[in-house]
Amino acid sequence: MDRIRIRGGRPLQGRIQISGAKNAALPLMAASLLTDKTLSLSNLPALADIATMGKLLEQHGVDLRIEGENAARKGHLTAARITNTTAPYDLVRKMRASVLVLGPILARCGEARVSLPGGCAIGNRPVDLHVKGLTALGAEISLEEGYIHATAPKGLKGNRFVFPQVSVGATENILMAACLAEGETTLVNAAREPEVNDLAHCLNAMGAKIEGIGTDTLKIQGVAALHGAEHRVVADRIEAGTFAIGAVMTDGELELTGICPTLLESLLKLLGEGGAKIEPMQDGFRIRRANGSMDGVDVMTEPYPGFPTDLQAQIMALMTVSKGAAMITETIFENRFMHVPELCRMGANINVHHSSAMIRGVEKLRGAPVMATDLRASVSMVLAGLVADGETIVNRVYHLDRGYERLEEKLAACGADIARIAGE
Ligand SMILES: CC(=O)N[C@H]1[C@@H](OP(=O)(O)OP(=O)(O)OC[C@H]2O[C@@H](n3ccc(=O)[nH]c3=O)[C@H](O)[C@@H]2O)O[C@H](CO)[C@@H](O)[C@@H]1O
Ligand SMILES: C=C(OP(=O)(O)O)C(=O)O
């Protein structure tokens, strides 16, 4: 298995082009199941999760063609016919976002069988809201031998559904299904993450009738069929946020391009309070420390526009070397502090009590062999390694490959001493 070796102490200096967002690209790819025409997605990131979604779609009958590289990478997806309505355990267990094929296949074929994704390192992660929402649209759903079996022999019917809790994935699944349901659907307390909005815009380009994009109430007029479209995947705000944190943590300066800074308002506001200087540019923003050190700031994760849980591990890495104390409260996932023991092994001072972590900044972290059980925890160790004394080896790099495109290449181009060591 590959590992990443980092020798700390070098500031990040330079410019990084932000990739397309994993969490936008995955539902967008699933949306290709809603039409027999071609959906072309540009700015498609080259990530392990994208490859897994590609495999899943191909076994449903989607023809997937990828061309170009980096920012010019495009995927053309054509589901002329859905040849198989089952999403098998082997693929779903690799990536929870596989459950996003449920709504589209059900809406198009009147039947779908999708393996239950199960929990993962960051928590229990049930799919009850996906099931409740589709049931509200008239689906009959049973759980059989680890599979969600959904049928709607007479088609789906529009309805009003109030999410008892904000869910990105459930909003996306039900939104996609509602596009082909008969009549009007209203989704109340819907997620309004930029990736949900990106999906909704793409669906409208495919002929859907969605109103209220960007708000927590989505109104969808069902249509008989969708058509093909060309769509550019929105920039990855989590990748950009990770690098922004890296810039101030290493006392460097980065220009992050291809991203609108408003997508990162909650993070940039906090970093500003902690001592960062952020300047908008035509196609992104520039970030560095205003002067001197960074101060500890309190953080609470929340649905968008609040602070994203997917940046919680990274901001914690920054707090470990910031001045003073900081309290980080995780409200979205019950078990998203797996990075804490590993950061502590590098010399961080962190105490966790229930869903809150108290971090007292230390002078220096020390390099160490570390490993993480999820994507963002892994990248928080990369950030810690960039400022630690000595060498850090991050094991289980496949987590990073799920969600960061050419991570070591992008960081090395900005002066980091970082390399991938190929596994035996
Ligand atoms: C591929 C993708 O886009 N992943 C993102 C998506 O995950 P995902 O869509 O899985 O996350 P959700 O927004 O659904 O989860 C939010 C909360 O709702 C709970 N819940 C969710 C569904 C459900 O049926 N029942 C239920 O109780 C979850 O356990 C969690 O506590 O949003 C998360 C929250 O911003 C991000 O961390 C993930 O990176
Ligand atoms: C939790 C994440 O992804 P997923 O929902 O695919 O596990 C993430 O991107 O941080």
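What counts and what doesn't
Each chain has its residues counted from 1, following the order in which its sequence is written. Chain letters and ligand numbers both follow the written order, the letters beginning at A and the numbers at 1. The predicted nature of this model means local features are confined to residues of pLDDT at least 70 and side-chain atom pairs, given and counted, to a pLDDT of 80 or more, with totals for whole chains, interfaces and linings taken over all residues. Only heavy atoms go into the side-chain values, all of them from the structure, while hydrogens and water stay out. Strands were regarded as paired on the criterion that DSSP finds at least two bridges between them. Comment: elements are numbered from the N terminus, with helices defined as DSSP H or I runs of at least four residues and strands as E runs of at least two. Throughout, a contact is declared for two residues whenever any of their heavy atoms are within 4.5 Å. Note on geometry: axes are C-alpha line fits, over the in-contact stretch for helices, and angles between N-to-C directions span 0 to 180 degrees. UniProt positions are given in the numbering used here, feature names are shortened, and annotations may be inferred rather than shown by experiment. Polar contacts, as used here, are pairs of N or O atoms within 3.5 Å; protein pairs need one atom able to donate a hydrogen and one able to accept it. Residues neighboring in sequence count only if both atoms are side-chain atoms. One heavy atom within 4 Å of a molecule or strand is enough for the residue carrying it to be called near that molecule or strand. For accessible areas, the Shrake-Rupley method is used with a probe of radius 1.4 Å. Any residue's cover is judged against the shown protein chains and nothing else. Relative accessibility decides the category of a residue: with a 1.4 Å probe and only protein chains considered, values under 20% of the type maximum give buried, values over 50% give exposed, and everything between is partly exposed.

A. Highlighting the sheet that holds strand 6 (residues 86-87). Here we have four strands laid out as an open sheet, ordered 6-7-9-8, and mixed in their pairing. Two strands close off the open sheet at either side, each with one partner strand: strand 6 and strand 8 (140-144). Across five bridges, strand 7 (residues 111-115) lies against strand 9 (residues 147-151) in antiparallel orientation. Its bridge partner lying in strand 9, E111 is registered against T151. The strands touched by helix 4 (residues 102-109) within the sheet are strand 7 and strand 9, with strand 7 carrying the most contacts at an inclination of about 160 degrees.

B. Quick peek at the UniProt feature "binding site: phosphoenolpyruvate" (unreviewed entry) in the protein. Within this numbering scheme, the UniProt entry marks K22 and N23 as carrying the feature "binding site: phosphoenolpyruvate" (unreviewed entry). Counting through the fold element by element, K22 comes out in helix 1 (residues 22-31). With respect to the secondary-structure elements, N23 resides in helix 1. Side chain to side chain, N23 and K22 meet in a polar contact 2.7 Å long.

C. Seen up close, the site of ligand 2. Close to ligand 2 lie K22, N23, I122, R125, D310, R336, L375, R376 and R402. A distance of 3.2 Å separates an oxygen atom of ligand 2 from a polar atom in the side chain of D310. Between R336 and ligand 2, the recorded distance is 3.0 Å, taken from a side-chain N or O atom to an oxygen atom. In isolation ligand 2 exposes 290 Å². Once the protein is present, 87% of that is buried. Going through the elements one at a time, helix 1 and helix 12 (375-387) are the ones with two or more residues in the shell around ligand 2.

D. Spatial organisation of the UniProt feature "binding site: UDP-N-acetyl-alpha-D-glucosamine" (unreviewed entry) in the protein. Taking the UniProt record as the reference, the feature "binding site: UDP-N-acetyl-alpha-D-glucosamine" (unreviewed entry) is found at R96, R125, P126, V127, D128, L129, D310 and I332. As for its position among the elements, D310 is in the loop between strand 18 (299-300) and helix 10 (312-320). Once residues within four sequence positions are removed from consideration, D310 is found in contact with N23, I238, R336 and R376. Note that I332 resides in the loop between strand 19 (325-329) and helix 11 (339-345). Relative accessible area serves as the criterion here: at 30%, I332 is assigned to the partly exposed category. The contacts of I332, once residues within four sequence positions are left out, are T301, E302, P303 and T309.

E. Structural context of the pairing of strand 3 (residues 38-42). Counting buried positions along strand 3 gives four out of five residues, so the element sits mostly inside the fold. Relative to strand 5 (residues 74-78), strand 3 runs antiparallel, the two being bridged by five bridges. Across the sheet, T38 pairs through a bridge with T78, a residue of strand 5. Across four bridges, strand 3 lies against strand 14 (residues 229-232) in parallel orientation. Each residue of the ladder has a partner; that of L39, found in strand 14, is A229.

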